[in-house]
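Working through the structure, step by step
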Amino acid sequence: MRDSRTASRKIALCAMLMALAMIFSYVEVLIPINLGVPGIKLGIANLVVVVGLFFLPAGEVLMISVARILLMGYLFGNGMSILYSLAGGLLSFLVMFLLKHIKEFSITGVSIAGGVTHNVAQICVAALVVQNRKLFYYLPALLVAGVITGMPIGTLSDRILSAVKREGRKSSSR
């Protein structure tokens, strides 16, 4: 009986995080950012991935991330947007997962690395698809954007995790 409740809670938590990530992705589409460089986004949905990496098993976080990318791509994008988003999402997940285990990296550092590598993966895929290396001229601006957007996402993730830990301690002391 207890195992089925635990499994049900895990499924419910993953479903809620997935829905939250999809909402964040949709909200991000509504926020117009035009800095002269295509592809710059706030990365709000990455908040769920960063928090999840420090709270859930990596496989569940990866599943949430990939499912969100596919669903949002099918709902609001196209095949190419799915390809770019998957490349960025998978590489950033891998890098964040690896850096999470290095004590010198804070949650904010992990988030920044995720933002930067997401942009690197997308520009690499775009250059391959259109067969034009000149797209790499966008890379410096995208690297800066990854750092700038990764900072607040990481800071907010750290605050969320601190609040979750405080609530967990309160619940266990009752």
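Here's a quick rundown of the structure. (Residues numbered from 1 in each chain as written. Predicted model: local features only at pLDDT ≥ 70, side-chain atom pairs only at ≥ 80, totals over all residues. Heavy atoms only, no water.)

A short note on the overall build of the protein
- A tally of helices and strands in the protein yields six helices and zero strands.
- For the protein, the N- to C-terminal ordering of α and β elements is α-α-α-α-α-α.
- Computed over C-alpha atoms, the radius of gyration of the protein comes to 17 Å, within 12% of the 16 Å expected from 2.2 N^0.38 for 174 residues, which places it in the range of a compact globule.
- Overall size of the protein, expressed as C-alpha extent along the three principal axes, is 60 × 35 × 30 Å.
- Looking at the protein as a whole, 39% of its 174 residues qualify as buried.
- Within the protein, residue pairs in contact and separated by at least 24 positions form 68% of the contacts whose partners lie at least 6 positions apart.
- Carbon and sulfur atoms make up 67% of the accessible area of the protein, which amounts to about 10,600 Å² in all. (Helix = DSSP H or I, 4+ residues; strand = E, 2+ residues; numbered from the N terminus. Rg over C-alpha atoms; globule rule 2.2 N^0.38 Å. Buried < 20%, exposed > 50% of the residue type's maximum accessible area, 1.4 Å probe, protein only. Contact = heavy atoms within 4.5 Å. Areas by Shrake-Rupley, 256 points an atom, 1.4 Å probe, with all protein chains shown as cover.)

Considerations on the packing of aromatic side chains
- In this structure the tally under the stated criterion is two aromatic pairs.
- Here Tyr26 and Phe76 contribute two aromatic rings whose centre-to-centre distance is 5.2 Å and whose plane-to-plane angle is 40°, an arrangement assigned as tilted. In this pair, Tyr26 is assigned in helix α1 (residues 2–30) and Phe76 in helix α3 (residues 58–76), connecting sequence segments 50 residues apart.
- Sitting above the plane of the Phe54 ring, Lys100 keeps its charged end 5.8 Å from the centroid. (Phe/Tyr/Trp six-rings, centres within 6.5 Å; stacked < 30°, edge-to-face > 60°. Lys NZ or Arg CZ within 6 Å of the ring centre and 35° of its normal.)

Digging into helix α5 (residues 107–130)
- With 24 residues, α5 should cover 34 Å at 1.5 Å per step; its first-to-last C-alpha distance of 35 Å lies within 8% of that length.
- Taken across its 24 residues, α5 has 18 buried, putting it largely inside the fold. (Expected span 1.5 Å × (residues − 1).)

Quick look at unusual backbone geometry
- Not every positive phi belongs to a glycine, and Gln131 is a case in point at roughly 50°.
- Among the structural elements, Gln131 can be located in the loop between α5 and α6 (139–173).

Regarding the packing of helix α2 (residues 46–53) against α3
- Two elements in contact, α2 and α3, have axes separated by 9 Å at closest approach and are oriented at 170°. In terms of orientation, α2 lies roughly antiparallel with respect to α3. In this structure, α2 uses Val48, Val49, Gly52 and Leu53 to contact α3, whose residues at the interface are Val61, Ile64 and Ser65. (Axes fitted to C-alpha atoms, helices over the stretch in contact; angles between N-to-C directions. Parallel < 35°, antiparallel > 145°, perpendicular 65-115°, else oblique.)

Focus: the pattern of salt bridges
- Taken as a whole, this structure holds one salt bridge when the rule is applied.
- Close ionic contact of Glu60 with Lys10 constitutes a salt bridge, the shortest N to O distance being 3.4 Å. Residue Glu60 is found in helix α3, and its partner Lys10 is found in helix α1; the two are separated by 50 residues along the sequence.
- The exposure class of Lys10 is partly exposed, given its relative accessible area of 42%. (Salt bridge = Lys/Arg side-chain N within 4 Å of Asp/Glu carboxyl O.)

Quick notes on the nonpolar core
- One finds Phe24, Val48, Val49, Leu53, Val61, Ile64 and Met96 to be the most contacted residues of the largest nonpolar core, which totals 28 residues.
- At the level of secondary structure, the elements contributing two or more residues to this core comprise α1, α2, α3, α4 (79–100), α5 and α6.
- Aside from chain neighbours lying at most four places away, what touches Ile64 is Cys14, Leu17, Met18, Val48 and Leu56.
- Counting nine residues, the second largest nonpolar core, distinct from the first, contains Ala127, Leu135, Leu139 and Ala145. (Core = buried A, V, L, I, M, F, W, Y, C linked by side-chain atoms within 4.5 Å.)

Let's talk about the side chain of Thr108
- As for its placement among the helices and strands, Thr108 is situated in helix α5.
- Polar side-chain contacts of Thr108 include one of 3.4 Å to the backbone nitrogen of Thr155.
- With sequence-adjacent residues up to four places away left out, Thr108 is seen in contact with Gly150, Met151, Gly154 and Thr155. (Polar contact = N/O pair within 3.5 Å; in protein donor to acceptor, adjacent residues only side chain to side chain.)

As for a nonpolar patch on the surface
- On the surface, Ile23, Val27, Ile31, Ile33, Leu35 and Leu42 cluster together to form a nonpolar patch covering roughly 480 Å² of accessible area.
- Looking at where Leu35 falls in the secondary structure, it is placed in the loop between α1 and α2.
- The exposure class of Leu35 is exposed, given its relative accessible area of 62%. (Patch = residues over 30% accessible without salt bridge, like charges linked within 9 Å, V, L, I, M, F, W, Y side chains within 5 Å.)

Observations concerning the side chain of Ser25
- Following the sequence through the fold, Ser25 ends up in helix α1.
- Residue classification places Ser25 among the buried residues on the basis of a relative accessible area of 7%.
- Only 2.8 Å separates the side chain of Ser25 from the side chain of Arg68, close enough to count as a polar contact.

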